[in-house]
Amino acid sequence: MIMSNIFSRLLWGILLFSMACGLTDEEAARRAAVAKQTDTTKATPDGMAIFRQKCVLCHGSDGTLGINGAKDLRQSILTLEERINIITNGKKLMTPFGTILSPEEIQAVAEYTQTFKK
Ligand code: HEC
């Protein structure tokens with residue numbers, strides 16, 4: 001009886017200890033994530049997020065929608081420089097994004113369009 005009492009206290013001790021450790025790990029990870037988000041000095045723009053915001057209207061989320069004569073981005077054979085040029089200056093019905101997005105954002109979204117390639 002006494003033995004089992006000691007044993008169960010020991011178990012509780014271990015359990016509480018490991019829970020406390022788990023919490024601190026979680027807290028540390030959360031703080032690291034927040035620090036990363038708020039560090040704008042070397043943040044790379046998120047090409048996918050920009051694409052979802054500005055481009056899906058005509059190109060669709062997978063690049064194939066083709067609204068307003070938009071080219072199928074999966075079939076595109078353009079280089080990164082050519083993509084950056086079209087995104088910056090527009091073409092036919094495509095909006096010029098040179099005044100809407102920063103050069104870094106244009107580069108990021110141009111790189112993202114390259115991921116559609118089959
Ligand atoms: C208003 C509709 C519209 C929006 C919004 C739009 N596009 Fe386009 N996009 C087009 C059209 C139309 C073309 C085809 C131009 C042509 O005839 O060569 C095109 C062509 C392109 C091309 C060249 C494809 C190729 O192989 O010729 C790229 C790359 C591209 N768009 C990327 C983007 C990105 C990135 C965004 C968002 C920042 C975007 N587009 C937003 C309509 C749009």
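Everything discussed here concerns the structure shown above.
Residues numbered from 1 in each chain as written. Predicted model: local features only at pLDDT ≥ 70, side-chain atom pairs only at ≥ 80, totals over all residues. Heavy atoms only, no water.

### Some points on the coordination of the iron atom of the ligand
Put simply, the rule is: Metal-coordinating donors are taken as N, O and S atoms lying within 2.8 Å of the metal, or within 3.2 Å when the metal is Na, K or Ca; because water is left out, some sites can appear incomplete. Think of it this way: with four donors and all angles in the 85 to 135 degree range, the site is tetrahedral; with four or six donors, opposite ones beyond 155 degrees and the rest between 65 and 115, it is square planar or octahedral; otherwise it is irregular. Helix numbers and strand numbers start at the N terminus; a helix is a DSSP run of H or I with at least 4 residues, a strand a run of E with at least 2. We call a residue buried when its accessible area falls under 20% of the maximum for its residue type, exposed when it is over 50%, and partly exposed in between, using a 1.4 Å probe and counting protein chains only.
The coordination sphere of the iron atom of the ligand, as far as protein atoms go, consists of H59 (NE2) and M94 (SD), spread over 2.0 to 2.1 Å. Because the angles between the six donor atoms bound to the iron atom of the ligand fall within 86 to 179°, the donor set is best described as octahedral. A residue pair is termed long-range when its members are at least 10 positions apart, and H59 in helix α3 (residues 56-59) and M94 in the loop between α4 (80-89) and α5 (103-113) qualify at 35 residues. When its relative accessible area of 10% is taken as the criterion, H59 is described as buried. A residue is classified by how much of its surface remains accessible, and M94, at 25% relative accessible area, is partly exposed.

### Considering the site of the ligand
Short version of the rule: If even one non-hydrogen atom of a residue comes within 4 Å of a molecule or strand, that residue is called near it. In protein, a polar contact means a hydrogen-donor-capable atom and an acceptor-capable atom, both N or O and within 3.5 Å, with residues adjacent in sequence counting only if both atoms are side-chain atoms; elsewhere, any N or O pair within 3.5 Å suffices. The definitions used throughout rest on a 1 Å grid laid over the protein atoms alone, on which a cavity is an enclosed set of points accommodating a 1.4 Å probe that cannot get out and a pocket is an open set flanked by protein within 12 Å on both sides along at least five of seven lines; lining residues are those having an atom within 4 Å of a point. Any molecule with more than half of its atoms within 2 Å of a cavity's or pocket's grid points is regarded as sitting in that cavity or pocket. For this classification, the nonpolar set comprises Ala, Val, Leu, Ile, Met, Phe, Trp, Tyr, Cys and Pro, the charged set comprises Asp, Glu, Lys and Arg, and every other residue, Gly included, is treated as polar.
Residues in close proximity to the ligand total 22 residues, the closest being C55, C58, H59, S76 and M94. A distance of 2.6 Å separates an oxygen atom of the ligand from a polar atom in the side chain of S76. K91 is positioned with one of its side-chain polar atoms (N or O) 3.4 Å from an oxygen atom of the ligand. A molecule is said to occupy a pocket when more than half its atoms come within 2 Å of that pocket's grid points, and by this definition the ligand occupies the largest pocket. When residues of the shell around the ligand are traced back to their parent elements, those giving at least two are α3, α4 and α5. Per element, the largest residue contribution to the shell around the ligand is three residues, and it comes from α4. Taken together, the residues of the shell around the ligand break down into 11 nonpolar, six polar and five charged.

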